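Below are the chains, spelled out letter by letter.
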Amino acid sequence: MKVLVIGNGGREHALCWHLATRSNATDIYCAPGSAGIAQHAQVVNISVDETPQLADFAEEMQIDLTIVGPEIPLALGVVNEFKKRGLAIFGPTLEAAQLESSKIFAKEFMRRHDIPTADFEIAHDPSELRAAVGKFGLPVALKADGLAAGKGVILAKTDADLDEACRLFFEDRVFGVSSDRVLVEEFLEGPEVSFIGVSDGERFLPFATAKDYKRIGEGDLGPNTGGMGAHSPSGVASAEVAREVLDTVMLPTISGMAAEGNPFVGFLYGGIMLTDDGPKTLEFNVRLGDPEAQALLLRLDSDLVTLLSAGAAGDFSQQRLRFKREAAACLVLAAAGYPGSPSKGASIVGLDSVAGDAVVFHAGTKASASGGFEVSGGRVLNVCATGAGLREALRSAYHATQGIQFSGQQLRGDIGRQVVESTSIAHSGIFPVMKLDDSKA
Ligand code: AMP
Ligand code: GLY
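These notes cover the structure that comes with them. (Residues numbered from 1 in each chain as written. Chains lettered and ligands numbered in written order. Predicted model: local features only at pLDDT ≥ 70, side-chain atom pairs only at ≥ 80, totals over all residues. Heavy atoms only, no water.)

### Describing the site of ligand 1
1) Next: Taken together, 14 residues form the shell around ligand 1, and within it Lys143, Glu185, Glu186, Leu188 and Glu192 come nearest.
2) Next: At 3.1 Å, a side-chain N or O of lysine 103 approaches an oxygen atom of ligand 1.
3) Next: Those elements that place two or more of their residues in the shell around ligand 1 are strand S7 (140–144), strand S8 (153–156), strand S9 (182–186) and strand S17 (278–285).
4) Next: For the shell around ligand 1, the residue count by class is 7 nonpolar, no polar and 7 charged. (Near = heavy atom within 4 Å. Polar contact = N/O pair within 3.5 Å; in protein donor to acceptor, adjacent residues only side chain to side chain. Helix = DSSP H or I, 4+ residues; strand = E, 2+ residues; numbered from the N terminus. Nonpolar A, V, L, I, M, F, W, Y, C, P; charged D, E, K, R; others polar.)

This is the structure in structure tokens:
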């Protein structure tokens, strides 16, 4: 089987690693890939937004299955183009990808289908925004409608925050057309969990739960990033809560999209907040989370080619997912200056020191003139490990980071700490892997 992966980050490295080590893929290509990904796949010099060129390549090379990593090609309609040409691809169409590419589409969809989420209003200008804030009271969550690389959300606590948000959205237009419409949301509180699974358009197979850490600083302080670490299981959602999210969010989303004529095929990610009023959906992503995918793929014991080919063909009826009972952790080593302006060019030493259970995925590196690797992006490396439990997985991953060095390296020292130290986890079962029999749509 010839497989093409679209993307170039740590998530795509993990996908290529999984395909190379645990599947029946014979030829693995990655576009555009990276020097790190080249350890497991043949890299192809086509970028993620070059839709016709990606389809031309898949046609010429007779690719049997294409897997899409990031949201941009999905929002541009790469799946529509591949399907038009009769090429097998696993991911949502442009129409179904609106669950991520338009936050307002997602909120209106959830309202139509009674999927639990924060109450909201839509604002087109500062006066509408202030009127909406009047309805909810401060604090509120303000979100640019369109894609903003995870940066279009402002949590406004004071009037000054509102002024600043109005300036960013409507005057400086730092998110461009993405903030032509702004969501004003009721403020929710509670621990966050990432629920991910795969759909064939009708059925949904849930993955094990995961948790990511979005803030740059320890104690969840400082600006949002693409993610500074993740682990699976989440450690904060019991099997009962996972079941509730499946029943109230994930399955109604799949059936609602199908009922509206936009069946959702692909990885579906629900960012869920566990509030005192039950689980509520903060956002959907129409792809694997990054860095959640790196931890989840370490645990996934099913052949991705068989699974995703069945998904692309719209038939999960014979598929079962298996996750190892061990836990997995992923730690992000980020560049100096990330998430603002990451500095590039530092050479990376010690990659060879990583041994045992640990695996390193490359997120923002390139080959250096000296034959090693150097920093080329904000999130540089993903150091991942498995272990009997979360504590052991985290310990191994932290241990593996010790030998890796580059100038200005940032690593959060508290990934998973609160979860591991929480007494409730010891009693709620640390491996809430959902049984497949529970998951038939
Ligand atoms: P999103 O990209 O929509 O997931 O939002 C990014 C982050 O903002 C989330 O991970 C939450 O921590 C926070 N957030 C989003 N929506 C809300 C809300 N309605 N209330 C409180 N926090 C929120
Ligand atoms: N880790 C969250 C995301 O991929 O958007």
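### Quick word on the site of ligand 2
1) Next: All residues adjacent to ligand 2 are Asp212, Gly226, Tyr269, Asn285, Arg287, Gly289, Asp290, Pro291 and Glu292.
2) Next: Arginine 287 has a polar side-chain atom sitting 2.9 Å from an oxygen atom of ligand 2.
3) Next: Contact with the protein chains covers 88% of the free accessible surface of ligand 2, which is 190 Å².
4) Next: When grouped by side-chain class, the residues that make up the shell around ligand 2 number 2 nonpolar, 3 polar and 4 charged. (Areas by Shrake-Rupley, 256 points an atom, 1.4 Å probe, with all protein chains shown as cover.)

### Digging into unusual backbone geometry
1) Next: The omega torsion across leucine 138 and proline 139 is -5°, close enough to zero to call that bond cis.
2) Next: With an omega of 20°, the peptide bond running from aspartate 290 to proline 291 counts as cis.
3) Next: Note on placement: proline 291 falls in the loop between S17 and helix H10 (292–299).
4) Next: Phi is positive for glutamine 62, which is not a glycine, with a value near 50°.
5) Next: Its location among the elements puts glutamine 62 in the loop between helix H2 (51–60) and strand S4 (65–68).
6) Next: Positive phi is not limited to glycine here, since aspartate 220 has a value of about 55°.
7) Next: The residue aspartate 220 is located in the loop between strand S13 (215–217) and strand S14 (221–224) in this model.

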